[in-house]
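Listed below, chain by chain, are the residues.
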Amino acid sequence: MNQAARNQAKRKNPLAIIFALLPSILFVCTNTRANTAETLEDTSDTDIEMHTTPDGHQFSFHHMTEARRAAISIAWKGGMAGVPNGKENIGFYGPFLMTNGGADGRKPDELAAEFEALDAGAHLYSEDDAIRGFIVAPTADLPKAAEIANGILARPTLDARWLARFKRRQTDGQLDARKQVNQQAWMTLRSLAISNPRYLQAWSWHPLENSETITIDDIENWHQSSISTDELTIAVAGKVTPEEAASAIDTGLSGLPETNKRKNFKPLTLDFDSQTVLVHQPDADKSYLLIAGSLPSQNHPDDLAHALAVGVLGQSKQSRLQKTVRNEQRASYGFIGGKYPFSKSHEVLALEGEVETEKLPNVIAAVEKAYKKFITKGIGVVEFPVAKRIMLKRSRSQMEKPSSIAYLMTESDLRGLPQSQALSLVSRAETLTRASVNQAISTNFPAITDMLRIIVTPNRNIIQADCVIEDFSEVASCE
Amino acid sequence: MLNVASIRVIPRIFAIRSFFLILALLSPDIAHPAAIHDLTKHSSLRGAYLIEQPDASVVNVQLLIEAGEYDNEGPEGLAHYLEHLVFWSAGKPPGQNIDSNISDLTDGAWTSRNWTAYHNSGPAEKADNMLRQTARVFSDIELDAKFATSEREIVQREYDLRVIENPLRQLYNKLYKRMYRGHPFARSILGDRDTISRFTPALAEQFKARWYLASNASLIISGPLTPTQLEPLLKKHFINLPVGELPQHAWHARLHKPLSTSVQMTHRGLSTRKLIYLKHVPPLADIDFAVQYVAQHLVAKLLNSSQPASLTKPLYYDEFYVRSVRIRLLLQPDRSAVLLVEAEPEDDVDDEQLILTIEKSLSQISSIDQFESSFDKVKQKELQVLRRESDIHNVQTTIARNTLTILGQPMTTGQFIEVLESVTLKHAIALLNAIAQSDTIGRGVIYPEK
């Protein structure tokens, strides 16, 4: 995974590969006020059909005439609460071992070589409230891809030797991550804001020793109780007929048990104290600043306005934060603002970046001033049309990709929203006005005084902090 | 697809460059035909090309200057610092400061070993603006002196971001330094903290005066423009630019045989050791360079694959020698190549044992029974993907850029596919033999700091 993907991954689950996939989708995975102003760019709601496969699996279907491939997205609803306490990282190891450790009597390399020969992509991963799976392939390759997927889902090898190998690599990767200033900042944030240890184990791998106790029996139990034909949401988009899609779905899900024991953790709660925490790392070569607070969830009617606002605040070379920290303070290569969904109900606004240590006090003051101005005065007359054009361009681009549409259809379903949300993205973006976005900013963005500041730095005395620790694992002393 | 090692700079600070699987999942599936028009005669440039994409939503402009860190004789990293200065200077309206305008052009720049590029994209009606901005790359740098000097600090922060917590990159830098001692190939694109501190705007200007000439630059424009629409814009912005006499690239100097070398270092950010095995591969004299370039791409894919004739299979699948391995083949501008194997050895495997296994496996790959079928599977997969994506706009633009910077002329996707089709088993074997026979080897191991 490259640096950028790691930067995304760290927000929630430091080494979960899926987060390389999400950024472009998260930008548009939103829900705004209902509107009727459909445009030519949008696909009509009626383009989503419901079908049932011969084996009885219901799926939603969106045909894309110009697409070259088809995407099938399957979500096994329900979370990880069924696994023993402390073993939540089965959510990572389970899907990883299934997809990388061989299946159907074939060795890992045989299976991988067979899949590599197809013009196809696939993915399987856990979220806090569902297991998600994707296949993307041209129609001609779809039956074979589905057959391979079925082997992985129904008859994974689950070899203890391979699990041990993945655990060695993952444990060392986690240890390495903890030595990085940005990871320390995000782990500190999660440890302060989240009180439920099950989420912390799943997302921060803390305590790391817990993950090392996971055995192949744990994985087998998880697999047997998780991967079934029960409680599914299935979406198909792309160039494929409903019959071809149905056949691939039946092939992929063939032989799976009919019931599952998945259940969700207790709902996530986030608590941001407006304190300043300094993580003193004397050996660090650089400093990191993270300022974070709560945003309404992605289900909020203003979510698309929030996305546009965050773009202006911190997502390009001409963003407010980049101009402040890089161009004016000359203190960072990149200082960004972003919003990150921690769960279907919680989103976090983060202003962050590596900062020259000696400039930290000035940078904190400048960022706070810029942010205050942003939420007070909102987006400017010149900024708004530029930001909206960029959003529309990206939204239209998402609408060309079967994988994005299938993902968004599934995501809407998991959020309890109509799947048509996935297809009306462009028209919803078009209804945004500067006034509506600025109203959303002033109403929903956290005040700077309600936000948590975390500074990871080699200089213990660079700023006055409410709490000083040397590692994220010590945050109890800050609470 | 085929990457030139490069540093992507502003504004793609946290841009995603995902691995193949994610690309496969996310590839846009709507595509349209295109052709490349040579419009060089309407400019002072070495080359000016239009990839006509009638139904593209935006115009992309890429200016590629054949000068990078290999051409720099000043403090290491200066070509990259210059790129920063030029990016800011060219991107703002003359006479104004850098933050004075808000634009919906998406612009950026990068520096590689032997190229520097400036690119932007926007709606077709902004083509005139984009070309004006691009042509300003050749103008004098117009930046506040304090800002220009302090951009050095931003480069320092970029170094911190990309290198300080990246042990493998540090190991690579040391290996190259020793292996190619005294030759431009030893240079690192970013430099280090010491060299960065020695940059000055004046040094950067000197480098610019020497290399930023129209006769050393090519333009690739893609989007919904016709040659008739573009010609007057080229004449307006790209005639009467500085041409001058180009110095010879320093890397043309005959490369004395690089040195086999071994480097060991420690890093506090590591919990387990990592190993790099590096081989210098002399140019293949008997193979057309375009064919060599594409064959190299296929062989790298093969070595990384799970096929029976891969390098991954003996190291990662058959025996647990490594926890992870990545193999790359990079072409140098003198047409030599470098094989790079990055591995994370398993705890019970010693360095010598792993290196011997790598060497033995490399020497045997082309004689494995399934070599032909493995190669054919990789080639057919590449052809299948490329044919499917051949009319996707950014694929066309990427292939044109990569072929221009490596082969000297931009290729259409159709031309690239023809070359790919012409690559045979014989070419792959020749390349693998050259790799196996090379005795110039770099070995580097980086250990956790105790």
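Whatever comes next refers back to the structure up there.
Please read these numbers as outputs of a predicted model, since none were measured by experiment. (Residues numbered from 1 in each chain as written. Chains lettered and ligands numbered in written order. Predicted model: local features only at pLDDT ≥ 70, side-chain atom pairs only at ≥ 80, totals over all residues. Heavy atoms only, no water.)

### What to know about the overall build of chain A
Working step 1: Helix and strand counts for chain A come out as 18 helices and 12 strands.
Working step 2: By the compact-globule yardstick of 23 Å for 479 residues, chain A fits well, its C-alpha radius of gyration being 23 Å.
Working step 3: The C-alpha extent of chain A, read off along each of the three principal axes, is 65 × 55 × 35 Å.
Working step 4: Taking all 479 residues of chain A together, the buried fraction comes to 66%.
Working step 5: Nonlocal contacts in chain A, meaning residues at least 24 apart in sequence, comprise 82% of its contacts between residues at least 6 apart.
Working step 6: Entry remark: accessible area of chain A is about 16700 Å², with carbon and sulfur atoms responsible for 50%.
Working step 7: When the 52 basic and 58 acidic side-chain charges of chain A are each reduced to a single mean position, those positions are 6 Å apart. (Helix = DSSP H or I, 4+ residues; strand = E, 2+ residues; numbered from the N terminus. Rg over C-alpha atoms; globule rule 2.2 N^0.38 Å. Buried < 20%, exposed > 50% of the residue type's maximum accessible area, 1.4 Å probe, protein only. Contact = heavy atoms within 4.5 Å. Areas by Shrake-Rupley, 256 points an atom, 1.4 Å probe, with all protein chains shown as cover. Lys, Arg positive; Asp, Glu negative; His and termini not counted. Charge placed at Lys NZ, Arg CZ, Asp CG, Glu CD.)

### Looking at the pairing of strand S5 (residues 130-137) of chain A
Consecutive side chains along a regular strand alternate between the two faces of the sheet.
Residues and elements named next belong to chain A.
Working step 1: Where burial is concerned, most of S5 is hidden: 8 out of the 8 residues are buried.
Working step 2: Residues of S5 alternate between two faces, with Ala-130, Arg-132, Phe-134 and Val-136 on one and Ile-131, Gly-133, Ile-135 and Ala-137 on the opposite face, all of them buried.
Working step 3: Pairing geometry for strand S3 (residues 70-77) and S5, over 8 bridges, is antiparallel. Note on S5: the bridge partner recorded for Ala-71 is Val-136.
Working step 4: Across 7 bridges, strand S4 (residues 121-127) lies against S5 in antiparallel orientation. Each bridged residue has a counterpart across the sheet, and for Ser-126 the counterpart in S5 is Ile-131.
Working step 5: Between S4 and S5, which pair antiparallel and follow one another directly, the connecting turn spans 2 residues. (Pairing = 2+ DSSP bridges.)

### Description of the side chain of Ser-390 of chain B
All names here are of chain B.
Working step 1: By secondary structure assignment, the location of Ser-390 is in the loop between helix H12 (371-389) and helix H13 (393-407).
Working step 2: For Ser-390, a relative accessible area of 17% puts it in the buried group.
Working step 3: Within the structure, Ser-390 has its side chain in polar contact with the backbone oxygen of Arg-387 (distance 3.2 Å).
Working step 4: Residues in contact with Ser-390, not counting those within four places in the same chain, are Gln-396, Thr-413 and Ile-417. (Polar contact = N/O pair within 3.5 Å; in protein donor to acceptor, adjacent residues only side chain to side chain.)

### Overview of the state of the cysteines
Residue and element names in this part refer to chain A.
Working step 1: Taken as a whole and judged by the stated rule, the model has 1 disulfide over all chains.
Working step 2: There is a disulfide in this structure between Cys-467 and Cys-478, and the S-S distance comes to 1.9 Å. The disulfide joining Cys-467 to Cys-478 has a torsion of about -70° about its S-S bond and is therefore left-handed. Residue Cys-467 is found in strand S12 (residues 467-469), and its partner Cys-478 is found in the segment after S12; the two are separated by 11 residues along the sequence. Comparing Cys-467 with Cys-478, the two get one shared label, buried. (Disulfide = S-S within 2.5 Å.)

### Let's talk about the sheet that holds strand S1 (residues 48-52) of chain A
Hydrogen bonds between backbone atoms are what pair the strands of a sheet, whose relative direction is either parallel or antiparallel.
All names here are of chain A.
Working step 1: Ordered by their spatial adjacency, 6 strands build an open sheet running S1-S2-S6-S3-S5-S4, and the pairing between neighbours is mixed. The open sheet has two edge strands with one neighbour each: S1 and S4. Direction aside, the axes of adjacent strands within the sheet are offset by 20° on average. (Axes fitted to C-alpha atoms, helices over the stretch in contact; angles between N-to-C directions.)

### Overview of the nonpolar core
Working step 1: Counting 144 residues, the largest nonpolar core has Phe-342 and Ile-454 of chain A as its most contacted members.
Working step 2: At 11 residues, the largest contribution of residues to this core is made by helix H9 (residues 289-304) of chain B.
Working step 3: Core analysis: the next-biggest nonpolar cluster, separate from the first, contains 62 residues, Ala-67, Val-136, Leu-295 and Leu-349 of chain A among them. (Core = buried A, V, L, I, M, F, W, Y, C linked by side-chain atoms within 4.5 Å.)

### Concerning the environment of Trp-186 of chain A
Residues and elements named next belong to chain A.
Working step 1: Inspection of the secondary structure assignment puts Trp-186 in helix H7 (residues 181-193).
Working step 2: Among the residues examined, Trp-186 registers a relative accessible area of 0% and is labelled buried.
Working step 3: Trp-186 sits 62 residues away from Ala-248 along the chain, and the two C-alpha atoms are 40 Å apart.
Working step 4: Among the polar contacts made by the side chain of Trp-186, one reaches the side chain of Glu-352 at a distance of 2.9 Å.

### Focus: the packing of aromatic side chains
Working step 1: Considering all chains together, one arrives at 27 aromatic pairs over all chains under this definition.
Working step 2: On the basis of an interplanar angle of 90° and a centroid distance of 5.7 Å, the ring pair of Trp-186 of chain A and Tyr-340 of chain A is categorised as edge-to-face. Placement of the pair is Trp-186 of chain A in helix H7 and Tyr-340 of chain A in strand S9 (residues 335-341), with a sequence separation of 154 residues. Each member of the pair, Trp-186 of chain A together with Tyr-340 of chain A, is buried.
Working step 3: Taken together through their ring pairs, the aromatic side chains of Phe-92, Tyr-93, Phe-96, Trp-162, Phe-166 and Trp-205 of chain A together with Tyr-316, Tyr-317 and Phe-320 of chain B make up a single cluster.
Working step 4: Positioned above the aromatic ring of Phe-320 of chain B is the side chain of Arg-161 of chain A, whose terminal nitrogen or guanidinium carbon lies 3.7 Å from the ring centre.
Working step 5: Over the aromatic face of Phe-147 of chain B sits the side chain of Arg-330 of chain A, whose NZ or CZ is 3.8 Å from the ring centroid. (Phe/Tyr/Trp six-rings, centres within 6.5 Å; stacked < 30°, edge-to-face > 60°. Lys NZ or Arg CZ within 6 Å of the ring centre and 35° of its normal.)

### A closer look at the pattern of salt bridges
Working step 1: Counting across every chain of the model gives 58 salt bridges over all chains.
Working step 2: Between Arg-155 of chain A and Asp-104 of chain A there is a salt bridge, with the nearest N and O atoms lying 2.4 Å from each other. One end of the pair, Arg-155 of chain A, is in the loop between helix H5 (142-154) and helix H6 (160-178); the other, Asp-104 of chain A, is in the loop between helix H3 (90-100) and helix H4 (108-116), and 51 residues separate them in sequence.
Working step 3: With relative accessibility at 37%, the residue Arg-155 of chain A sits in the partly exposed group.
Working step 4: Since its relative accessible area comes to 29%, Asp-104 of chain A is described here as partly exposed.
Working step 5: With a shortest N-O distance of 2.6 Å, Arg-387 of chain B and Glu-421 of chain B are connected by a salt bridge. With Arg-387 of chain B in helix H12 and Glu-421 of chain B in helix H14 (residues 413-422), this residue pair connects regions lying 34 residues apart in the sequence.
Working step 6: Arg-387 of chain B gets classed as partly exposed once you look at its relative accessible area, which sits at 41%. (Salt bridge = Lys/Arg side-chain N within 4 Å of Asp/Glu carboxyl O.)

### A look at the sheet that holds S9 of chain A
Residue and element names in this part refer to chain A.
Working step 1: As summarised here, the arrangement of the 6 strands in space is S9-S10-S8-S11-S7-S12, forming an open sheet in which the pairing is mixed. In this open sheet, the two strands that pair with only one neighbour each are S9 and S12. Strand-to-strand twist across the sheet, computed as the mean angle between neighbouring axes with direction ignored, equals 20°.
Working step 2: Bridge count between strand S7 (residues 276-280) and strand S11 (residues 452-457): 5 bridges; the pairing is parallel. Note that in S11 the partner of Thr-276 across the bridge is Arg-453.

### Notes on helix H8 (residues 227-237) of chain B
Every α-helical turn comprises 3.6 residues, leaving residues that sit three or four positions apart pointing alike.
All names here are of chain B.
Working step 1: Pro-227, Leu-230, Leu-233, Leu-234 and His-237 are the residues of H8 that are buried. In an axial view of H8, the angular spread of the buried residues amounts to 130°, which keeps them on one side of the axis. Turned more than 90 degrees from where H8 packs its buried face, Thr-228 and Lys-236 sit exposed.
Working step 2: Packing partners of the buried residues in H8 comprise strand S2 (35-38), strand S3 (47-52), helix H3 (127-135) and strand S7 (217-223). (Arc of directions from axis to C-beta.)

### Notes on the packing of H3 of chain B against H8 of chain B
Residues and elements named next belong to chain B.
Working step 1: With their axes 10 Å apart at the nearest point, H3 and H8 run at an angle of 30° to one another. In this structure, H3 meets H8 at a crossing whose hand is right-handed. Between H3 and H8, the contacting residues are Ala-127, Asp-128, Leu-131, Arg-132 and Ala-135 on the first element and Leu-230, Leu-233, Lys-236 and His-237 on the second. (Left-handed = near helix turned anticlockwise from the far one by under 90°.)

### As for the pairing of strand S4 (residues 59-65) of chain B
Residues and elements named next belong to chain B.
Working step 1: Within S4, 6 of the 7 residues are buried, which leaves it mostly tucked inside the rest of the structure.
Working step 2: The pairing of S4 with strand S6 (residues 116-122) spans 7 bridges and is classified as antiparallel. Its bridge partner lying in S6, Ile-65 is registered against Thr-116.
Working step 3: Direction of pairing for S4 relative to S7: antiparallel, over a ladder of 6 bridges. Looking at the pairing, Asn-60 lines up with Ser-222 of S7.

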